[in-house]
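So the chains spell out like this:
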Amino acid sequence: MNTPALLELRGIGKKFPGVVALAGVDFTVRAGEIHALLGENGAGKSTLIKVLTGVYSADAGELRLAGRVIRPAAPKDAERLGISTVYQEVNLVPSLSVAENITLGRQPGRLGFLNWRAFRRRAAAALARLEVKCDVDAELGSLSVAMQQMVAIARALDTSARLLVLDEPTASLDEKEVAELFGIMRKLRAEGMGIVFVTHFLDQVYAVSDRLTVLRNGQLVGEYATADLSRLALVGKMLGREVSAADFTSHAAAPAVTTQPVLAARGLSRRGAIAPVDLALQPGEVVGLGGLLGSGRTETARLLFGIDVRDAGEISVKGAPVRITSPRDAVRLGLAFCSEDRKGEGILPNLSVRENLIFALQGKRGVLRALSRGEQEQLCEHYIKALRIKTADAETPIKNLSGGNQQKVLLARWLATQPAVIILDEPTRGIDIGAKQEIEQLIAKLRSDGLAVLFISSEIDEVVRNCSRVLVLRERRLTGEIAGAGLNSENLMHLMAGTHEAQS
Amino acid sequence: MKPKAKSPIFWPLAGLVALVLLNAVHDLGFLKITLLDGHLYGVPVDILTQGSRTMLVALGMTLVIATGGVDLSVGSVVAIAGAVCAVLLQGGHSLAVTLAAAIGTGLLAGSANGLLVARLGVQPIVATLILMVAGRGVAQLIVDGQVIIIKSPSFEFLANGFLLGVPFAPLLVIALYAATHFALRRTALGLFIEAVGDNETASRFAGLAAARIKALAYIFCGACAGLAGVLAAANIRAADAYRAGENMELDAIFAVVVGGTALTGGRFVILGTAIGALLIQTLTTTMYNLGVPPAIAPVPKALLIIGVSLLQSEKVGRWLGGLWPKKEAA
């Protein structure tokens, strides 16, 4: 089928200070097609969407809509041209009515007076097009998230949209609601609309999309017909590893003796985040938590560390059941957690390296038992040397350090508390190769020192290299475990893609 | 990279010195301090005495602002505490009971603010605005709409008395500054407050009881305002529920910000706050000396606040930096 392209992006480039977000990316959407846009974190999906919808202007390349070159300078421009977007977080006003939300910004009426009847009529028509039953006078905030999403789509369609961009629309929907959304997407496709669909869920890609485009590190990996690309091949493309490439096998030895697990969880779950998970960490063991983005890895770590409250499940430390309802509880029990969001959840940007480094230990000791300046400097000296942290001195604000060195300071912060278990969520993200290697060496050392490490990473090779056992999550569910000789990147990718059942 | 780290109190101190010099040029008598009946007198002494209340309120405000919040209710708390003092002294209660009640009132008000902000997650401006507005009413209620005259020499001593020839109120406030400094820097409390203001999420994830720290800052701020209420009532020997502590929240915020603590929270500079409070008091005195009508007095204050805020803004800094571009290392 060779329908003419509705939207054509050619050679799109976008640079931010210090980062190339997009380089020479082509992206084509045809009328009457659902086109999935895929890639891991930092692949450039959201930058591409923002270029498309006029939030950013591209540094290079051109955009064509139905053959005409366009240059949307603001979201409003894009909307006028017929490109409508529904963002992941519903961007509406909860305290206004459904009708008001649908027509907001283009209210019918004249001379500043509003035509309320036209308001309702338009909103009702927009909803009817989607075959959604909803009271147009209801306050938006009183509706379910799924229904709000439908209203957001209705709003997007109220303008004469030709291209609809759905940025992770299913992130907060349950299965039935997803099915309803897919029904609407198919209906719009039949009307000849082009739909861009951003999601992390592979099942959904295969359920609804016709074609897909994969990005990685700001570059185009390729465009494929969904039906022609196997799941495994897709995962390979997203992660930048072909299945045929040489396999890594685990070098990490399992702990010699199986003793009592230092941290164990049974039936740990939270609605909308993760289905019940069981796990147990032995001292001296590095356990990987594998899975694609959005598979529930971080969610599991957050439940273990008491950041989010679990709906069900028990956690025990060294065999004794414990109560963890806040990070404070977790730290006191000897847990440590390095967040994947270094900037938002890790560093205290304006405070010094020294203050950042001693922070968790001081928190554990409490307000009154302050570490003396001498003790603090001793700790800093030790860790700056041991982890080879590159900083002018310990009094430099941590925000002046490079990402890798910030990460090392955060690792030192936790090591100073002498934890029994350390959870590392993407500890090597956004840092250079040298620092990556050093952090991997450190993990090996921690293991030989008898710590239990829960290691989360999107890089398959890294997981295979560092872990002696890997728990694999898929679509917020624990789907398998690989250990020993079976731990290689191919098996891991099969599990992550959900194709292992078909294989065996 | 910045060329050199400047001391955070450089600018407020420079401002204070400039203002004092300006006054001295205008009138040399400004700097004159005389010893009369074994007591120190003079304009600088007046500034210290009259500025002590703002200094005290600003001390508490520093910690609240360091956590990334703000407390608008301090002025009203000053009025309530003054009213409580007047009523209790009128009822024949002892000075100790009166002082305890006034400071307790401040603690209670601070607890209410802390509860709203730290536990219930109400925005600091909104949470403390409630007490700012309602507090005046509470104070009026306590004194039954009257201005109550206080006739207690020992109470008046707190604000207007002299200890070894030095006015007592500034001595008390300076002692409190020193005590607070040690309490914050000898324990880990100062670090924790700065951490919560710098990145609350990261602090919580590192195992800190961030909510408790924030609440504590509001409670301390309330206590400071309560004591300032005592000084304000003692100073005029009366409880004026309507005027006491009026616009004090703004002066205190001004003192904190001028003193080098950013409104966004994080690093706090207690000494800077003290200098900021003296700067604002000197400004007030200056305008009085220059014969500027009180109704216009807020204008120069406002101009100074705008100037300081602009100096602290990164955007303006970049913009100014762009006017005089530095040679970049190749």
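Residues numbered from 1 in each chain as written. Chains lettered and ligands numbered in written order. Predicted model: local features only at pLDDT ≥ 70, side-chain atom pairs only at ≥ 80, totals over all residues.

### Some details on the overall build of chain B
Now for step 1: When its secondary structure is counted, chain B shows 14 helices and six strands.
Now for step 2: Taking 330 residues into account, the globule formula puts the C-alpha radius of gyration at 20 Å, and chain B, at 20 Å, falls close to it.
Now for step 3: Seen through its C-alpha atoms, chain B measures out along the principal axes to roughly 75 × 55 × 40 Å.
Now for step 4: Relative to its full complement of 330 residues, chain B shows a buried share of 48%.
Now for step 5: Sequence-distant contacts, at least 24 apart, represent 78% of the contacts inside chain B between residues at least 6 apart. (Helix = DSSP H or I, 4+ residues; strand = E, 2+ residues; numbered from the N terminus. Rg over C-alpha atoms; globule rule 2.2 N^0.38 Å. Buried ≥ 20, exposed ≤ 12 C-beta atoms within 10 Å, placed from the backbone. Contact = placed C-beta atoms within 7 Å.)

### Re the overall build of chain A
Now for step 1: Across its full length, chain A carries 18 helices and 22 strands.
Now for step 2: A globule of 504 residues ought to have a C-alpha radius of gyration of about 23 Å, and chain A, at 25 Å, matches this closely.
Now for step 3: Its C-alpha atoms give chain A principal-axis dimensions of about 70 × 55 × 45 Å.

### Quick notes on the sheet that holds strand β13 (residues 263-270) of chain A
Residue and element names in this part refer to chain A.
Now for step 1: Across the sheet, which stays open at both edges, the four strands sit in the order β14-β13-β16-β17 with antiparallel pairing between neighbours. Each edge of the sheet is formed by a strand with only one pairing partner; in this case those strands are β14 (274-281) and β17 (320-322). Within the sheet, the average angular offset between the axes of one strand and its neighbour, ignoring direction, is 25 degrees.
Now for step 2: Relative to β17, strand β16 (residues 312-317) runs antiparallel, the two sharing three bridges. Each residue of the ladder has a partner; that of Ser-316, found in β17, is Pro-321.
Now for step 3: Seen against the sheet, helix α9 (residues 297-304) touches β13, β14 and β16 and runs at an angle of roughly 115 degrees to β13. (Pairing = 2+ DSSP bridges. Axes fitted to C-alpha atoms, helices over the stretch in contact; angles between N-to-C directions.)

### Structural notes on the confidence of the model for chain B
Residues and elements named next belong to chain B.
Now for step 1: Of all residues in chain B, 92% attain a pLDDT of 70 or more, and the chain-wide mean is 87.
Now for step 2: This stretch, residues 1-5, has a pLDDT under 50; its non-local contacts, to residues over four places away or in other chains, come to zero contacts.
Now for step 3: This model gives residues 326-330 a pLDDT under 50, and the stretch forms zero contacts once residues within four places in sequence are excluded.
Now for step 4: Reported for the predicted complex are a pTM of 0.73 and an ipTM of 0.83. (pLDDT = per-residue confidence, 0-100.)

### Observations concerning unusual backbone geometry
Now for step 1: Backbone geometry at A:Glu426 places phi at a positive 50 degrees, although glycine is not the residue there.
Now for step 2: For A:Glu426, the position within the fold is in the loop between β19 (421-425) and α15 (433-448).
Now for step 3: Its identity as a non-glycine residue notwithstanding, B:Leu164 has a phi of 55 degrees, on the positive side.
Now for step 4: Looking at the secondary structure, you find B:Leu164 in the loop between β4 (162-163) and β5 (166-167).
Now for step 5: With 9 C-beta atoms counted inside 10 Å, the residue B:Leu164 sits in the exposed group.

### Let's talk about the sheet that holds strand β10 (residues 194-198) of chain A
Residue and element names in this part refer to chain A.
Now for step 1: On the basis of which strands lie adjacent, the open sheet formed by six strands has the order β6-β9-β10-β3-β11-β12 and mixed pairing. Edge strands, defined here as strands with exactly one partner in the open sheet, are β6 (83-86) and β12 (219-225). The mean inter-strand angle of the sheet, taken between neighbouring strand axes irrespective of direction, is 20 degrees.
Now for step 2: Inspection of the sheet shows strand β3 (residues 33-38) paired to β10 by five bridges, in the parallel sense. Counted as the bridge partner of Ala-36 is Phe-197 from β10.
Now for step 3: Packed on one face of the sheet, helix α8 (residues 231-239) meets β3, β11 (211-216) and β12 and runs near 30 degrees to β11.

### Side note on helix α12 (residues 353-365) of chain A
Now for step 1: Taking 1.5 Å per residue as the helical rise, α12(A) with its 13 residues ought to reach 18 Å, and the 19 Å between its terminal C-alpha atoms agrees with that figure.
Now for step 2: Approximately 50 degrees is the largest bend angle found in α12(A), and it occurs at A:Phe359.
Now for step 3: Within α12(A), 11 of the 13 residues are buried, leaving the element largely enclosed by the surrounding structure.
Now for step 4: On its buried side, α12(A) packs onto α10 (327-332), α13 (373-386) and α14 (403-415) of chain A together with α8 (189-198) of chain B. (Expected span 1.5 Å × (residues − 1). Bend = angle between axes of the 7 residues up to and from the residue.)

### Let's talk about the domain arrangement of chain A
In many reports, interface size means the accessible area that the parts give up when they come together.
Residues and elements named next belong to chain A.
Now for step 1: Parsing chain A into structural domains produces domain 1 (5-239), domain 2 (243-334 + 419-504) and domain 3 (354-418).
Now for step 2: Its C-alpha centre places domain 2 at a distance of 25 Å from the equivalent point of domain 3.
Now for step 3: Between domain 2 and domain 3, the residue contacts involve 12 residues of the former and 12 residues of the latter.
Now for step 4: For the side of domain 2 that touches domain 3, the elements supplying multiple residues, two or more each, are α10 and α15.
Now for step 5: Each residue belonging to the side of domain 2 that touches domain 3 can be placed in one class, and the counts come to eight nonpolar, one polar and three charged. (Domains from an automatic or database assignment. Nonpolar A, V, L, I, M, F, W, Y, C, P; charged D, E, K, R; others polar.)

### Quick look at the interface of chain A and chain B
Now for step 1: If you look at the interface, chain A gives 24 residues, while chain B gives 20 residues.
Now for step 2: A per-element tally of the side of chain A that touches chain B places α12(A) first, with six residues.
Now for step 3: Considered class by class, the residues forming the side of chain A that touches chain B number 13 nonpolar, six polar and five charged.

### Looking at the nonpolar core
Now for step 1: A:Ile423 and A:Phe455 are the most contacted members of the largest nonpolar core, which has 248 residues in total.
Now for step 2: A per-element tally of this core places helix α10 (residues 210-236) of chain B first, with 19 residues. (Core = buried A, V, L, I, M, F, W, Y, C linked by C-beta atoms within 7 Å.)

### Overview of helix α7 (residues 168-185) of chain B
All names here are of chain B.
Now for step 1: Look at α7: 26 Å from first C-alpha to last across 18 residues, which is about the 26 Å you get at 1.5 Å a residue.
Now for step 2: Residues of α7 that are buried: Ala-169, Val-173 and Leu-184. The buried residues of α7 occupy an angular sector of 35 degrees when projected down its axis, which confines them to one face. Facing away from the buried side of α7, by more than 90 degrees, are the exposed residues Ala-175, Ala-178, Ala-179 and Phe-182.
Now for step 3: Buried positions along α7 lie against α2 (43-66), α6 (153-160), β5, α8 and α10. (Arc of directions from axis to C-beta.)

### Focus on the pairing of strand β20 (residues 452-456) of chain A
All names here are of chain A.
Now for step 1: Where burial is concerned, most of β20 is hidden: five out of the five residues are buried.
Now for step 2: As paired elements, strand β15 (residues 286-290) and β20 share four bridges and run parallel to each other. The partner of Leu-289 across the bridge, within β20, is Ile-456.

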